[in-house]
Amino acid sequence: MTRQEFIDFVNSKIIILDGATGSNLQQRSMPTGVCPEAWMLANPEIVIGLQREFLEAGSDILLAPTFTANRIKLAEYGLVDKIEEINRGLVELSQKAIEEYRRDSGIERKILIAADITMTGEQVYPVGNLPFEELIEVYKEQLRYILPVGVDLVVVETMMSLQECRAALLAVKEVCDLPVMVSLTYNENRKTLFGTDPKTAVIVLQAMGADAVGINCSTGPDKMVDIIREMKEYAYVPIMVKPNAGIPSLVNGHTHFPMDAVEFAEQMEVLINSGANIVGGCCGTTPEHLKRLVDKTLGKLPVSAKKERIRALTTEQKTVEIPLHGPFMIVGERINPTGKKALQAELREGKLDLVGEMAAEQAELGAAILDVNVGMNGIDEQEVMLKVMQEALTASGLPLCIDSSHVSVMEAALRIYPGRALINSISLEKEKFEKLIPIAKKYGAMFILLPLSDQGLPKDIEEKKQIIQKITARAYELGLTKEDIIVDGLVTTVGANKNAAIETLETIRYCKEELEIATIVGLSNISFGLPERQFINSTFLAFAIQAGLTMAIANPSQDLLVNTSLAADLLRAVEDAPGRYIDRVTARPTTITAGAEIPVNRGNATNTSAIPSGTESGHSNGQSDHRQAIFQAVVKGNKKSILTLVEQEVANTSPQKLMEEILIPAINEVGNLYDKQIYFLPQLIAGAETMKLAIDYLEPMLQKDEKDAVKGTIVIATVSGDIHDIGKNLVALMLKNYGFRVIDLGKDVPTERIVQTAIMEKADIIALSALMTTTMVEMKRVVQEVKQQGLTAKVIIGGAVITESYAEEIGADGYSEDAQSAVALVKKLMKQ
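Residues numbered from 1 in each chain as written. Predicted model: local features only at pLDDT ≥ 70, side-chain atom pairs only at ≥ 80, totals over all residues. Heavy atoms only, no water.

K.L.:
Which residues make up the sheet that holds strand 15 (residues 400-403), and what are the values?
P.N.:
Strand order in the closed barrel made by the 8 strands is 13-14-15-16-17-18-19-20, with parallel pairing throughout. Each strand axis lies, on average, 25° off the axis of its neighbour in the sheet, ignoring direction. (Pairing = 2+ DSSP bridges. Helix = DSSP H or I, 4+ residues; strand = E, 2+ residues; numbered from the N terminus. Axes fitted to C-alpha atoms, helices over the stretch in contact; angles between N-to-C directions.)

Right, dumping it as structure tokens:
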């Protein structure tokens, strides 16, 4: 099926997907703990029977049950050598189900088969150790076994990480031309486990070529309405949704989903009316749920996708919109080694401290985007660019503008960039024109259009417009739009060309008013070779903003420039401009003298974390600064510097005091930022791992009585049949950081082993994790066995599908929704 045929099909009616596979197969005798794919191939008649029931209920798209048949997941069952046989066989089961349905019903209608792929369970770098390119290859390998058998499209579903979605989407695009749908799971805070909101997911994935984007699993349909509405606001591709039949509970030892077929269909109708036009069911949904859903769609036509596009850049966790008629924006320019000897030296030594400082400071001072350039001699530019890019993202949280003159460096950076980046830049120069526009399209990037050609600068404004027209025309041919382009006004010095400013202002006006394209400039060229340049620059900036300039590459610490831009917005009656102007100038009042602007107060616009008061008494300023550096290293997850800092500090501070006065407060601050949703899973993991490095170094130095003063022993495990351990691993790490003795049994751990280990290790607490609705029942078995054995250990539970009411229902002693709350719960239970 071509992508256009898919879009025509989706626009013709409400498309019905299938229902749950795992929970239905468990109702039909599939035991927990087995490899689902192997069991299905051993019991083909059960799988075919279930899929036939979905077809009889009205499914238009049948997902082949290849969900976790990738090499990483199959390795957990020792079945990697069977990967081709498993994937081929599972697709053939779906083909047979369709064949039998058509033969027995006599109905000939369009039914599609989708290859179904999902997360691997391994975390991609830098959150985990799996290289991004290796993850792409894992998905490609699975697809190479599936595609020859014959599928119509690919569905990437139940994803938690936007970066993993990108890897899967790239894999699909690089091995076939089939349509692809991508679906993530969201928590009740409307963010994924890794902090991605629905808007960001839609913007990134549709820009990269996903043919539909959506949500599955997570919750029941009643909890998904706001997410679907947010997606619909930004989507120009169809929206898919596959909810569970509500939040499950345990009834008579079995997982029970509370939403019956009638209620499910009624709630799904709300989602359809909100803009979802590809619908189905996930955990707990039966063929009857689908039948009722089909009844609700009769006579309904899909809500049309929006035609307007959005200008926006993103990280994995944040979207920065670039409105054509909105406030002026600054692209921070400082991460560039040109003229910066200290930065050049650090980059040659492989250090990133200055990069992190520059990124964080520019974010604090109001930059909306950061330009990243590492062009200099004596380094491997591609290798350094990738490291600097990651450091800038972590330190600032802002989208990046990738600035390189080398096509290979640009593509390498865009390939691993975990969102939507800006290319700086694409000109009419042959190599860039021919290679970079397709690269922008492939990776869903925006780009800066630089109106240069192989002949150099345009000789006049008319030639400049012709170059702009040629580049935009080619971009439109490849499927990009005017919202994907930002034109560089190409500022030259007024000292050499008296019309330089006038020509740039005309370029800005032309782009905004006639082409409806955003614009950007580098300010400093306008005053090159002239004295008191800051006055020329700031005046020119005010003129350019009035002409319609969208953004400029500048240093956000230059108060005259920034304040001029804010004043210009205020005078143009831009929304919220008065507040932004007042906030900035009162936080950083300046006086202008001949030749310089003098900051009166260099206080930051935002507060930064610091060691809590009361923990630094008796230390000189030098020592205090050093202790603050350790604190910040943990808070910012700076694993590169933590050991050096700690090694230096133990010369002045006992290991125990260093733990109590610096490290514990630092990890507490990480937890506070996580609770406030300022930090998300990647930052929480980075902080915890940095803390662990420090603790591992200090542990041999602790006095014996300090080592023996363990706060408690915790046995932690993912329950039998469940092979997901992201959350469990983080909880174990955090508990270790707080001084608890943790015995981590891993994943898919039998009840008997959990309880016996708790007895042998004299555990105070047993911590259980489950991600799947089909395995959560094992938690009750552990609780029952603990009571039967007469253990005094408390049992706490958590995981994506677990709720506090479920903990109460099975008799657990506590529930935590994340790693930070797990630490608080353990502390509370230990006190009791």
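K.L.:
Just give me the short version of the environment of Gly299, but keep the residues and values in it.
P.N.:
Structurally, Gly299 can be placed in the loop between helix 12 (287-297) and strand 11 (312-314). Taking the C-alpha atoms as reference points, Gly299 and Lys13, 286 residues apart in sequence, are found 8.6 Å from one another.

K.L.:
How would you summarise unusual backbone geometry if you had to cite specific residues and measurements?
P.N.:
Residue Pro126 is bonded to the preceding Tyr125 through a cis peptide linkage, with omega at 10°. Positionally, Pro126 belongs in the loop between strand 3 (112-117) and helix 7 (132-146). A cis amide bond, omega 10°, links Asn424 with the succeeding residue Ser425. Here the phi dihedral of Thr158 falls at roughly 60°; this positive angle occurs in a residue that is not glycine. Positionally, Thr158 belongs in strand 4 (residues 153-159). Take Thr158: its relative accessible area is 12%, and that puts it in the buried class. (Buried < 20%, exposed > 50% of the residue type's maximum accessible area, 1.4 Å probe, protein only.)

K.L.:
Provide a residue-level description of the side chain of Ser404, including the pertinent values.
P.N.:
Looking at the secondary structure, you find Ser404 in the loop between strand 15 and helix 16 (407-416). Ser404 sits in the buried class, given a relative accessible area of 5%. A distance of 3.1 Å separates a polar side-chain atom of Ser404 from the backbone nitrogen of His406. Excluding residues within four positions of it along the chain, Ser404 makes contact with Glu381, Met385, Val409, Met410 and Asn424. (Polar contact = N/O pair within 3.5 Å; in protein donor to acceptor, adjacent residues only side chain to side chain. Contact = heavy atoms within 4.5 Å.)

K.L.:
Lay out the sheet that holds strand 25 (residues 765-769) with the relevant residues and their values.
P.N.:
Within the open sheet, the 5 strands sit side by side as 24-23-25-26-27. Their pairing is parallel. Looking along the sheet, the strands with just one partner apiece sit at the ends: strand 24 (741-744) and strand 27 (814-815). For strand 25 and strand 26 (residues 794-798), the ladder comprises 5 bridges, and the chain directions are parallel. Looking at the pairing, Ala767 lines up with Ile796 of strand 26. Docked against the sheet, helix 29 (residues 751-760) engages strand 23 (713-718), strand 24 and strand 25, running at close to 170° with respect to strand 23. Each of strand 23, strand 25, strand 26 and strand 27 is contacted by helix 32 (residues 819-831), which is oriented at about 165° to strand 26, the strand it contacts most.

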